[in-house]
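Residue-level structural notes
Letter by letter, the chains look like this.
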Amino acid sequence: MGGTESSISEPGAPSSNREGENSRQNFSECKVWRNPLNLFRGAEYRRYTWVTGKEPLTYYDMNLSAQDHQTFFTCDTDFLRPSDTVMQKAWRERNPPARIKAAYQALELNNDCATAYVLLAEEEATTIVDAERLFKQALKAGETIYRRSQQCQHQSPQHEAQLRRDTNVLVYIKRRLAMCARKLGRIKEAVKIMRDLMKEFPPFTMLNIHENLLESLLELQAYADVQAVLAKYDDISLPKSAAICYTAALLKTRTVSDKFSPETACRRGLSTAEINAVEAIHRAVEFNPHVPKYLLEMKSLILPPEHILKRGDSEAIAYAFFHLQHWKRIEGALNLLQCTWEGTFRMIPYPLEKGHLFYPYPSCTETADRELLPTFHHVSVYPKKELPFFIHFTAGLCSSTAMIAFLTHQFPEIMGVFAKAVSMISRTCVEYL
């Protein structure tokens, strides 16, 4: 699942097996993931549109979200409850006002329709406070439905599917409530909700709730707890992310950054702790080379999309949008990053062909990121396709020669006079020298 070293085939494996591994690798590389810290459409994305007149989300991104909502919040038994039937149509609706209208219709049919409250919290609420109020109503309704589904789960396969759907709804609501608490400054409450959620529903690790937890713990400056989370999720058998790699680099940078000086390091060399920090930065940069330019504010940030491509520009934006403040808080961290991040590229001169700690950098990221990111954003491309100076010089020389030949053929007399004038000027300059 995107960069796990355990899935690399042995050199002596049959070619068919290697081809199968490569195809699975390419699939995981181009897989688009739900952004764990995605913003609220009504309270954040829409307010940005009101202020700037720009649409922060692309049609492709919103279409992926619509598919996610249908997967999370619908099941085959929706026809048994009229409110769920209405909501099934609402999640497929493209027009936001039509979705909101359908949510109110569902609430008229059933005042305890949890998914209707979820839709209103996501899309109609214009502040985080309003969104939290609606999510609390959704939680009350969702817990009632979830307990009812638990009692009936063994009656038939349909009831099991209904329990899975109701579980998805409950997990989603609790997670969004934790995010509301985080945005409203109640960080300890947010951390508690996330920890309880990870204990109660361990199979939902694919939702990457631990990345929400990491960000909240960094805000609390609970670095020991951050290290404990990393010890569990920064594992060779688990998929990596920019949040995992760069947070690990930040923790190692924190121990040396306040006293780090490039001049001193050049004189005496790097200490063991500094070497570990630099290696962690190189590892993070190899995984996602787009992040440093956002952390160092060499590129302007935009609102992160609802979906990201791992190792791509979209993931870099999503990471830097929430974690830039944590890097700024640690004295000297950005200075150490600025001095060392470009050294990564000396270890991987051909990143598309061979990596150092990860798979070769995927070539599909630019195309996918252009679909996920708005047109007003200049997509970061890696590696840059720069031609050597000799190629530019040769192309210019050939073009100018062809142009002179064409003009000489078309206007021989004028070009003859021009050539004589040039030769006279050149002779005069030489004689003067």
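Residues numbered from 1 in each chain as written. Predicted model: local features only at pLDDT ≥ 70, side-chain atom pairs only at ≥ 80, totals over all residues. Heavy atoms only, no water.

Put simply, the test is: UniProt positions are given in the numbering used here, feature names are shortened, and annotations may be inferred rather than shown by experiment.
The protein is annotated in an unreviewed UniProt entry as Suppressor of tumorigenicity 7 protein-like from Dipodomys ordii. UniProt lists a comment for the protein under the heading Subcellular location (unreviewed entry), and it reads "Membrane".

**A closer look at the overall build of the protein**
Heads up, the rule is: The helix count covers DSSP runs of H or I at least four residues long, the strand count covers runs of E at least two residues long, and both are numbered beginning at the N terminus. For the radius of gyration, the atom set is restricted to C-alpha positions; the globular benchmark scales as 2.2 Å times the number of residues to the power 0.38. The classification of residues rests on relative accessible area computed with a 1.4 Å probe and restricted to protein chains. Under 20% of the type maximum is buried, over 50% is exposed, and intermediate values are partly exposed. In what follows, a contact means two residues having at least one pair of non-hydrogen atoms within 4.5 Å.
Summing up its helical and strand segments, the protein has 21 helices and 2 strands in all. Over its C-alpha trace the protein gives a radius of gyration of 28 Å, far above what one expects of a compact globule, namely 22 Å for 433 residues. Counting only C-alpha atoms and orienting by the principal axes, one finds that the protein spans roughly 100 × 60 × 55 Å. Of all 433 residues assigned to the protein, the portion counted as buried reaches 48%. Put simply, 70% of the contacts in the protein that link residues at least 6 apart link residues at least 24 apart.

**Structural notes on the side chain of Lys-310**
What counts, and what does not: All tallies of charge rest on Lys and Arg as positive and Asp and Glu as negative; His and the ends of each chain are not included. Just to be clear on terms, a salt bridge is a Lys or Arg side-chain nitrogen sitting within 4 Å of an Asp or Glu carboxyl oxygen. N or O atoms within 3.5 Å of each other form a polar contact, as long as, within protein, one can give a hydrogen and the other can take it, and as long as residues adjacent in sequence are counted only when both atoms are side-chain atoms.
Within the secondary structure layout, Lys-310 lies in the loop between strand S2 (307–309) and helix H16 (313–329). Buried within the structure, Lys-310 lacks any salt-bridge partner; Glu-211 is the closest side chain of opposite charge, at an N-O distance of 5.3 Å. A distance of 3.0 Å separates the side chain of Lys-310 from the backbone oxygen of Lys-240, its partner in a polar contact.

**Comments concerning the packing of aromatic side chains**
Which entries qualify depends on this criterion: Between 30 and 60 degrees the pair is tilted, below 30 it is stacked and above 60 it is edge-to-face, where a pair is any two Phe, Tyr or Trp rings, Trp via its six-membered ring, whose centres lie within 6.5 Å. Placement of a charge over a ring requires the Lys NZ or Arg CZ to be within 6 Å of the ring centre, with the centre-to-atom vector within 35 degrees of the ring normal.
With the rule as written, the count across this model stands at 11 aromatic pairs. For the ring pair Phe-40 and Phe-135, a centre distance of 6.2 Å and an interplane angle of 65° mean the geometry is edge-to-face. Of this pair, Phe-40 sits in the loop between strand S1 (32–34) and helix H2 (41–52) while Phe-135 sits in helix H7 (residues 128–152), and the two are 95 residues apart along the sequence. Residue classification places Phe-40 among the buried positions, given a relative accessible area of 0%. Look at Phe-135 and you get buried, because its relative accessible area is 0%. Considering the side-chain rings of Phe-72 and Phe-73, the 6.1 Å spacing of their centres and the 65° angle between planes classify their relative orientation as edge-to-face. Ring pairing ties together the aromatic residues Phe-72, Phe-73, Trp-91 and Tyr-172, which thus form one cluster. If you follow Lys-54 out to its NZ or CZ, it ends over the ring of Phe-376, 4.8 Å from the centre. Stacked on the ring of Trp-33, the Lys or Arg Lys-310 has its end atom at 4.0 Å from the ring centre.

**A short note on the side chain of Asp-61**
Mapped onto the elements of the fold, Asp-61 is located in helix H3 (residues 59–73). Comment: no salt bridge for buried Asp-61; closest opposite-charge side chain is Arg-34, at 6.4 Å. Apart from residues no more than four positions distant in its own chain, Asp-61 is found in contact with Pro-305, Glu-306, His-307 and Leu-372.

**Focus: helix H9 (residues 187–200)**
Just so we agree on the cut-off: Multiply 1.5 Å by the residue count of a helix minus one, and that product is the helix's expected span. The directions considered for the arc are those from the helix axis to the C-beta atoms.
Over its 14 residues, H9 runs 20 Å from end to end, which matches the ideal 20 Å to within 8%, given 1.5 Å per residue. Every buried residue belonging to H9 is among Ile-187, Ala-190, Val-191, Met-194, Leu-197 and Met-198, and all of these are buried. Along the axis of H9, the buried residues cluster in a sector spanning 130°; they form a single face. Pointing more than 90 degrees away from the buried face of H9 are the exposed residues Lys-188, Lys-192 and Lys-199. Buried positions along H9 lie against helix H8 (157–183), helix H10 (209–219) and helix H11 (223–233).

**So, the nonpolar core**
Stated formally: Grouping buried Ala, Val, Leu, Ile, Met, Phe, Trp, Tyr and Cys residues that are joined through side-chain atoms within 4.5 Å yields what is termed a nonpolar core.
Core analysis: the biggest nonpolar cluster contains 95 residues, and Met-87, Phe-135, Ile-173, Tyr-246, Leu-295 and Trp-327 have the highest contact counts within it. Setting aside chain neighbours within four positions, we find Tyr-246 in contact with Ala-284, Val-285, Asn-288, Val-291, Pro-292, Leu-295, Tyr-319 and Trp-327. Core analysis: the second largest hydrophobic core is formed by 6 residues, Leu-39, Tyr-45, Leu-57 and Leu-303 among them.

**Structural notes on unusual backbone geometry**
Although it is not a glycine, Gln-221 adopts a positive phi angle of roughly 60°. Turning to its location among the elements, Gln-221 is positioned in the loop between H10 and H11. Here Gln-221 falls in the partly exposed class, since its relative accessible area comes to 44%. Located in the positive-phi region is Glu-297, a residue other than glycine, with phi close to 60°.

**Quick look at the pattern of salt bridges**
The tally for this structure, following the rule as stated, stands at 21 salt bridges. In this structure, Asp-68 engages Arg-34 in a salt bridge whose closest nitrogen and oxygen atoms are separated by 3.4 Å. Placement of Asp-68 in helix H3 and of Arg-34 in strand S1 is noted, with a sequence separation of 34 residues between them. A residue is classified by how much of its surface remains accessible, and Asp-68, at 18% relative accessible area, is buried. For Glu-189, the salt bridge is made with Arg-186, and the minimal N-O distance between the two is 2.6 Å. Accessibility expressed as a relative area gives 29% for Arg-186, which makes it partly exposed. Through salt bridges with shared partners, one network takes in Arg-41, Arg-99, Glu-123 and Glu-306.

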